[in-house]
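# Per-entry structural report
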Amino acid sequence: MGVPPLEAWVRERTAHYDEGFVSADPAFAHAHVTVLAPFPVGATDRAAAAASEVRAFDYTLRRVATFPDGVVHLVPEPDRGFRALTDAARRLVPEVAPYWGRFEPVPHVTLDRLGPGVTESSTRDAVAHLLPCRARASELLLTWWEDGGCRVLGRFPLSS
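Notes on the structure in this doc start here.

What counts and how
- Residues numbered from 1 in each chain as written.
- Predicted model: local features only at pLDDT ≥ 70, side-chain atom pairs only at ≥ 80, totals over all residues.
- Heavy atoms only, no water.
- 1 Å grid on protein atoms, 1.4 Å probe; cavity = no way out; pocket = protein on both sides within 12 Å on 5 of 7 lines; lining within 4 Å.
- Points joined across faces, edges and corners; volume = space filled by probe spheres on them.
- Helix = DSSP H or I, 4+ residues; strand = E, 2+ residues; numbered from the N terminus.
- Nonpolar A, V, L, I, M, F, W, Y, C, P; charged D, E, K, R; others polar.
- Buried < 20%, exposed > 50% of the residue type's maximum accessible area, 1.4 Å probe, protein only.
- Arc of directions from axis to C-beta.
- Contact = heavy atoms within 4.5 Å.
- Pairing = 2+ DSSP bridges.
- Salt bridge = Lys/Arg side-chain N within 4 Å of Asp/Glu carboxyl O.

One number sums up the size of the largest pocket: a volume of about 1,400 Å³. Every element with two or more residues in the lining of the largest pocket is listed here: helix 1 (7-17), strand 3 (109-113) and strand 5 (139-144). Examining the composition of the lining of the largest pocket, we find that five residues originate from one element, strand 5, more than from any other. When its residues are assigned to classes, the lining of the largest pocket shows 28 nonpolar, eight polar and seven charged. Considered as a void within the structure, the second largest pocket measures approximately 180 Å³ in volume. Taken together, 16 residues line the second largest pocket, and the ones lying closest to its centre are Gly2, Val3, Pro4, Glu139 and Arg155. By residue class, the composition of the lining of the second largest pocket is ten nonpolar, two polar and four charged.

What follows is the structure, given as structure tokens:
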């Protein structure tokens, strides 16, 4: 699910770390809320089915937080629509171990990673002018992330 108001900021941070993961596809969403990763490339029918199970919804991003692994992110509120999409996707693609079995999915928009010169506070300050960010989730975007090949594989409308 793309978050257009944050796209330029997240795209710039992506380029800072690895230019190869900046997509030339204008439909690609560097700023996004992940529903389930990795999603099978050939399962577009199941992505469409998951999207059809959840009504479009509004959410707000205002709170910056950090996961134990150092990923600084925004927390969507409310998150129930994203959780419903993740639950539907997990039912439809039970063979997927979210995040390769390392983490359980938690709705978020990745902003940065803790490191030299990057703290939760510095990230919060850097995005403050974009917050609160109000957005509407109206489609599920299936993307492929690959060095030099990030692209959109499909767009599936949520129920209305």
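After presenting the structure, the write-up continues.
Let us now look at helix 1. Residues of helix 1 that are buried include every one of Glu7, Trp9, Val10, Arg13 and Thr14, and no others. Here the buried residues of helix 1 occupy an arc of 170° about the axis, which is enough to place them on one side. Facing away from the buried side of helix 1, by more than 90 degrees, are the exposed residues Ala8 and His16. Contacts made by the buried residues of helix 1 are with strand 3 and helix 4 (120-127).

Here the focus is the pairing of strand 4 (residues 133-137). Side chains of strand 4 alternate between two faces, with Cys133, Ala135 and Ala137 buried and Arg134 and Arg136 left unburied. Note that strand 1 (residues 57-66) and strand 4 share five bridges and pair antiparallel. Residue pairing across strands places Thr60 opposite Arg134, the latter belonging to strand 4.

Moving on, we get to the pattern of salt bridges. Enumeration over the complete set of coordinates arrives at eleven salt bridges. Here Glu95 ties to Arg46 by a salt bridge, and the two come within 3.1 Å at their closest N and O atoms. On the criterion of sequence distance, the pair formed by Glu95 in the loop between helix 3 (80-92) and strand 3 and Arg46 in helix 2 (residues 44-52) is long-range, its members being 49 residues apart. You can call Arg46 partly exposed: its relative accessible area is 27%. The partner of Asp58 in a salt bridge is Arg136, with the nearest N and O atoms 3.0 Å apart. Residue Asp58 is located in strand 1, and its partner Arg136 is located in strand 4; the two are separated by 78 residues in the primary sequence. Taken together, the shared-partner salt bridges in this structure form one network comprising Arg62, Arg63 and Glu77.

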